Each structure stands twice: as C-alpha cells, then as structure tokens.
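Architecture at a glance
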Amino acid sequence: MKFTKPAWVMHKDSSKTDHDTKRLSIFSVHVHPDGSRIATGGLDAKIRIWSTKPILNHASEMSNRPPKSLCTLSMHTGPVLTIRWAHSGRWLASGSDDEIVMIWDLDPSGRGKVFGSNEVNVEGWKPMKRLPGHESDVTDLAWAPEDRYLASVGLDSVVLLSVYFTLQ
C-alpha cells in the first residue's frame, strides 16, 4: 500500500496573502464513486473539489493537467462539517454548522472565476436544494441506495430524512 500526502489539497485563510497562507482545518473528505475526484469540507465554510489524477499520477501533477483544483463551492455560512457524494455520483450533499444541508448538482455552464478570489472553477456545481430543519450543526449525511433519500443528523440529536423522488 502506498500513501501520499498532496500538499496542495488544503483549505486556506483567504484573508492572507499567498506568502502567508494559513492552512485551515478540513473536517470531511469523500471520494467520488468513479474515483475521479475528492471533495473536502472545511473551516473556511467552503467545499473544494479536487481531481485525483494529479494525486495518483506524478506526471499529471507536474503538468497540472488536469488542474488540481476543480471547483470551490461557497454557499454555507459556517464550517462545512460533512460531505457525501450520491451513489450515482450525480449529486454532492454538504452539511454545516449553519444548520443547513445543501444538495449540489453539476452545472456544465458554471465554470469561471470564483467570486471574491483569484481562483477559477474548472467545473461548475450549483446549489440544487437547500434543506433547513436542524437546530444545530449538521454532523453527518448518508445517501440511501439508488439515492432515493438523504439522511442527516446534527448536534440537535435529530435525524432527518429528505425524500427525493423528483430529483431526476
């Protein structure tokens, strides 16, 4: 078994300059079902989607093809504590200490500059559903088989089931 620790997979304090980059805590990571990307959620209230090719292939890492960072999502107002890809890989769910669960969908036209930063999104992901209901931090998520519903739990000790028969 080989272990690797890509230094570029990080959440950083955007108020600092590149020279003073401060790494912020990452609270959750999940591998896409097809293995092509990972998503991380962190203290900066953002979700970052990374290509796994540069992690697994040194030549790809050196050429920056594909780009390492694919997308930054920033709709949460508090640290992102949990993220989970749907089994189909079509959607990404996130939960935060802002008490909200978000469902994200790939948006082919959503590429471009990240608002308020010098980052560029290679992939576009848009918020598809915003699910309030918890009264405290959302700490875990789980998709049902065939992505029929999403379960969430929070520090409020409540389990919520969000049923999606119409997502497709």
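Here the structure is a predicted model, which is why all the values come from computation and not from measurement.

1. With respect to the environment of Asn-121
Along the chain, Asn-121 falls in strand 11 (residues 120-121). A relative accessible area of 11% means that Asn-121 is categorised as buried.

2. Notes on unusual backbone geometry
Its identity is not glycine, yet Glu-146 carries a phi of approximately 65°, on the positive side. Looking at the element boundaries, Glu-146 is found in the loop between strand 13 (138-143) and strand 14 (149-154). Positioned with a positive phi, Ser-157 is a non-glycine residue whose angle comes to about 65°. In this fold, Ser-157 is placed in the loop between strand 14 and strand 15 (159-163).

3. Considering the packing of aromatic side chains
Given two aromatic rings, their pairing is described by the distance between the two centres and the angle made by the two planes. Counted under the stated rule, the structure contains three aromatic pairs. The interplanar angle of 65° and the centroid separation of 5.4 Å between the aromatic rings of Trp-85 and Trp-125 together place this pair among those described as edge-to-face. One end of the pair, Trp-85, is in strand 7 (residues 80-85); the other, Trp-125, is in strand 12 (residues 125-131), and 40 residues separate them in sequence. Geometrically, the ring pair formed by Trp-91 and Trp-143 is stacked, given 6.1 Å between the ring centres and 20° between the ring planes. A residue pair is termed long-range when its members are at least 10 positions apart, and Trp-91 in strand 8 (residues 91-96) and Trp-143 in strand 13 qualify at 52 residues. Residue classification places Trp-91 among the buried residues on the basis of a relative accessible area of 1%. We classify Trp-143 as buried; its relative accessible area is 8%.

4. A look at the layout of surface pockets
Its volume calculated, the largest pocket comes out at about 280 Å³. Trp-8, Met-10, Lys-12, Arg-48, Trp-50, Asn-64, Pro-67, Lys-68, Ser-69, Glu-119, Val-120 and Val-122 together form the lining of the largest pocket. Tallied by class, residues from the lining of the largest pocket come to six nonpolar, two polar and four charged.

5. As for the nonpolar core
Of all hydrophobic cores here, the largest spans 14 residues; its most connected members are Ile-47, Ile-49, Leu-73, Leu-92, Trp-104 and Trp-125. Contacts of Leu-73, omitting those with residues within four sequence positions, involve Ala-45, Lys-46, Ile-47, Ile-49, Leu-92, Trp-104 and Trp-125. In terms of nonpolar packing, the next biggest core, distinct from the first, is built from ten residues, Ile-103, Leu-131, Trp-143 and Leu-150 among them.

6. Focus: the pairing of strand 8
In terms of burial, strand 8 is a largely internal element, six of the six residues being buried. Side chains Trp-91, Ala-93 and Gly-95 of strand 8 all project onto a buried face; the interleaved residues Leu-92, Ser-94 and Ser-96 project onto the opposite face, where all are buried too. In the sheet, strand 7 pairs with strand 8 via five bridges, with the strands oriented antiparallel. Bridge pairing in strand 8 links Trp-85 to Leu-92. Counting the residues in the hairpin turn of strand 7 and strand 8 gives five residues, including Gly-89, whose phi is positive at 80°. Relative to strand 9 (residues 101-106), strand 8 runs antiparallel, the two sharing five bridges. Paired with Trp-91 across the strands is Asp-105, a residue of strand 9. In sequence, strand 8 turns back onto strand 9 through a hairpin of four residues, with Glu-99 there showing a positive phi of about 75°.

Conventions and cut-offs
- Position numbers for residues count from 1 along each chain, tracking the sequence in the order it is written.
- The predicted origin of the model limits local features to residues at a pLDDT of at least 70 and limits the giving and counting of side-chain atom pairs to 80 or more, whereas totals for whole chains, interfaces and linings rest on all residues.
- Side-chain calculation: all heavy atoms of the structure are included, whereas hydrogens and water are not.
- A run of H or I in DSSP counts as a helix once it spans at least four residues, and a run of E counts as a strand once it spans at least two, with each numbered from the N terminus.
- Classification of residues uses two cut-offs on accessible area relative to the type maximum, computed with a 1.4 Å probe and protein chains only: under 20% is buried, over 50% is exposed, and between them is partly exposed.
- Centre distance within 6.5 Å is the pairing criterion for rings of Phe, Tyr and Trp, where only the six-membered ring of Trp is used; planes under 30 degrees apart are then read as stacked, over 60 as edge-to-face, and the remainder as tilted.
- A cavity here means a set of points on a 1 Å grid, drawn over the protein atoms and nothing else, where a 1.4 Å probe fits but cannot get out; a pocket is an open set with protein on both sides within 12 Å along at least five of seven lines, and a residue lines either one if it has an atom within 4 Å of a point.
- Grid points are joined across faces, edges and corners, and a volume is the space filled by probe spheres set on the points.
- Charged means Asp, Glu, Lys or Arg here, nonpolar means Ala, Val, Leu, Ile, Met, Phe, Trp, Tyr, Cys or Pro, and polar covers whatever is left, Gly included.
- Think of a nonpolar core as a cluster: buried Ala, Val, Leu, Ile, Met, Phe, Trp, Tyr and Cys residues, connected wherever their side-chain atoms sit within 4.5 Å.
- The contact criterion used is simple: two residues touch if any of their non-hydrogen atoms lie within 4.5 Å.
- Two strands qualify as a pair provided that DSSP identifies no fewer than 2 bridges between them.

Remember, this is a structural readout, not a statement about activity or role.
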